[in-house]
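Fold and geometry: a report
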Amino acid sequence: MERAMKKTAKNKRPGGMLAYDGRIIGFLNKAGEIILLNMAFLLCCLPVVTVGPAFSSLYYATMKSIRRERGYPVREFLASMKRTLGKGILLTLVSAVWLGLLYFGRYYARTGQWKLSPGAGLYDAFLIVSCCVLVYIFPVLSRFEMGLKEILKLSFIMSIRFLPFTVLSIAGLAAVVLLMVYVLPVPCILFVPGLWCLAQTFLTERALQAYTPEAEPGEEQWFDKER
């Protein structure tokens, strides 16, 4: 009853959907914030080794400011970059080296140049598992204060426990890469990473919430479950 009265009162506000707090203006504000975050993300990715902390910060700011409407998006992004930069760069380098070793190991196994090398199928299995874990590494970094070993361990557990969401995330990421590389590379780069990150929060947040400790009585956290 109370919700219905609030909805009726909102509909009676001057200007309707075009009012300052109307749906259209709200949508345009959100779209502008996502584009700004997207630009900040792309700029922070230029050194390459900062791709990890940049995505971690994009996830953090998108979840906190876009979905939960706490703080200013770019300010939250920069604060997260400062907090996760060192650990994020290390995770990025470790992930890149590991994936590179698996890729070249698979290549040489297929060509038969390594006679004592395990079959290419084993490398494929490791690559798949590694991609599943990578889906969660940087969102975990954005939420929890952990060491590298604990981040990798929790990401591995999440990838198995929430396997359907893991598969959807990997499929969605592959579709985004194809769209940006082969379809509309220039227009898509302006907004697609931010939109994908927003969509990603609806999948990954379920896993993060399962391991997020509850707030103390009377304490409110921005990442509390939506009611």
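Residues numbered from 1 in each chain as written. Predicted model: local features only at pLDDT ≥ 70, side-chain atom pairs only at ≥ 80, totals over all residues. Heavy atoms only, no water.

**Regarding the overall build of the chain**
- Assigned secondary structure in the chain consists of 9 helices and 0 strands.
- Going residue by residue from the N terminus, the α and β elements of the chain occur as α-α-α-α-α-α-α-α-α.
- Put simply, the chain has 227 residues, and 39% of those count as buried.
- Considering only residue pairs separated by 6 or more positions, the chain has 65% of its internal contacts joining residues 24 or more positions apart.
- Carbon and sulfur atoms make up 69% of the accessible area of the chain, which amounts to about 14,200 Å² in all. (Helix = DSSP H or I, 4+ residues; strand = E, 2+ residues; numbered from the N terminus. Buried < 20%, exposed > 50% of the residue type's maximum accessible area, 1.4 Å probe, protein only. Contact = heavy atoms within 4.5 Å. Areas by Shrake-Rupley, 256 points an atom, 1.4 Å probe, with all protein chains shown as cover.)

**A closer look at the side chain of serine 65**
- Relative to the elements of secondary structure, serine 65 occurs in helix H3 (residues 51-67).
- A polar contact of 2.9 Å, which involves the side chain of serine 65, links it to the backbone oxygen of arginine 70. (Polar contact = N/O pair within 3.5 Å; in protein donor to acceptor, adjacent residues only side chain to side chain.)

**Description of the nonpolar core**
- Of all hydrophobic cores here, the largest spans 35 residues; its most connected members are Phe41, Leu58, Phe77, Tyr136, Val140 and Met158.
- For this core, the secondary structure elements donating two or more residues are helix H2 (23-45), H3, helix H4 (73-111), helix H5 (120-143), helix H6 (148-161) and helix H9 (192-211).
- Counting residues per element, this core draws most heavily on H3, which supplies 8 residues.
- Residues contacting phenylalanine 77, with those up to four places away along its chain left out, are Leu37, Ala40, Phe41, Cys44, Ala54, Ser57, Leu58 and Ala61. (Core = buried A, V, L, I, M, F, W, Y, C linked by side-chain atoms within 4.5 Å.)

**Notes on the packing of aromatic side chains**
- In the structure shown here, the tally under the stated rule is 4 aromatic pairs.
- Aromatic side chains tyrosine 103 and phenylalanine 104 sit 5.4 Å apart centroid to centroid with 80 degrees between the ring planes, which places their arrangement in the edge-to-face category.
- A residue is classified by how much of its surface remains accessible, and phenylalanine 104, at 48% relative accessible area, is partly exposed.
- Each ring, one from tyrosine 107 and one from tyrosine 108, has its centre 5.2 Å from the other, and the planes form 75 degrees; the classification is edge-to-face. (Phe/Tyr/Trp six-rings, centres within 6.5 Å; stacked < 30°, edge-to-face > 60°.)

**Some thoughts on the packing of H5 against H9**
- Between H5 and H9, the least distance of the axes is 11 Å, while the angle of their chain directions is 70 degrees. Considering their axes alone, H5 and H9 lie roughly perpendicular with respect to each other. Regarding H5 and H9, the two cross each other, and that crossing is right-handed. On H9, the residues that touch Val135, Tyr136, Pro139, Val140 and Arg143 of H5 are Gln200, Thr204, Glu205, Ala207 and Leu208.
- For the contact of H5 with H9, the residue count by class is 6 nonpolar, 2 polar and 2 charged. (Axes fitted to C-alpha atoms, helices over the stretch in contact; angles between N-to-C directions. Parallel < 35°, antiparallel > 145°, perpendicular 65-115°, else oblique. Left-handed = near helix turned anticlockwise from the far one by under 90°. Nonpolar A, V, L, I, M, F, W, Y, C, P; charged D, E, K, R; others polar.)

**Section: H9**
- The first and last C-alpha atoms of H9 sit 29 Å apart over 20 residues, in line with the 28 Å expected at 1.5 Å per residue.
- Along H9, the helix axis deviates most sharply at threonine 204, where the bend reaches about 40 degrees. (Expected span 1.5 Å × (residues − 1). Bend = angle between axes of the 7 residues up to and from the residue.)

**A few points about the environment of proline 193**
- Along the chain, proline 193 turns up in helix H9.
- Given a relative accessible area of 10%, proline 193 falls into the buried group.
- Residues proline 193 and methionine 180 lie 13 residues apart in sequence; the distance between their C-alpha atoms is 9.2 Å.
- Aside from chain neighbours lying at most four places away, what touches proline 193 is Asn38, Phe41, Leu58, Met180 and Cys188.

**Digging into the environment of phenylalanine 41**
- Structurally, phenylalanine 41 is set in helix H2.
- Judged by relative accessible area, phenylalanine 41 falls into the buried class, the value being 11%.
- Between the C-alpha atoms of phenylalanine 41 and leucine 58, which are 17 residues apart in sequence, the distance is 6.4 Å.

**Overview of the pattern of salt bridges**
- Tallied over the entire structure, the rule returns 5 salt bridges.
- Here glutamate 69 ties to lysine 30 by a salt bridge, and the two come within 3.2 Å at their closest N and O atoms. Here the residue glutamate 69 occupies a position in the loop between H3 and H4, and lysine 30 occupies one in helix H2, the gap between them amounting to 39 residues.
- When its relative accessible area of 57% is taken as the criterion, glutamate 69 is described as exposed.
- Lysine 64 is the partner of glutamate 76 in a salt bridge, and the nearest nitrogen-oxygen pair spans 3.2 Å. (Salt bridge = Lys/Arg side-chain N within 4 Å of Asp/Glu carboxyl O.)

**A short note on the confidence of the model for the chain**
- The predicted model of the chain has a mean per-residue pLDDT of 84, with 83% of residues at 70 or higher.
- For the chain, the element scoring lowest by mean pLDDT is helix H1 (residues 2-11), at 45; H6 scores highest, at 96.
- In this model residues 1-13 is a low-confidence stretch, pLDDT under 50, and it forms 2 contacts with partners more than four residues away in sequence or in other chains. (pLDDT = per-residue confidence, 0-100.)

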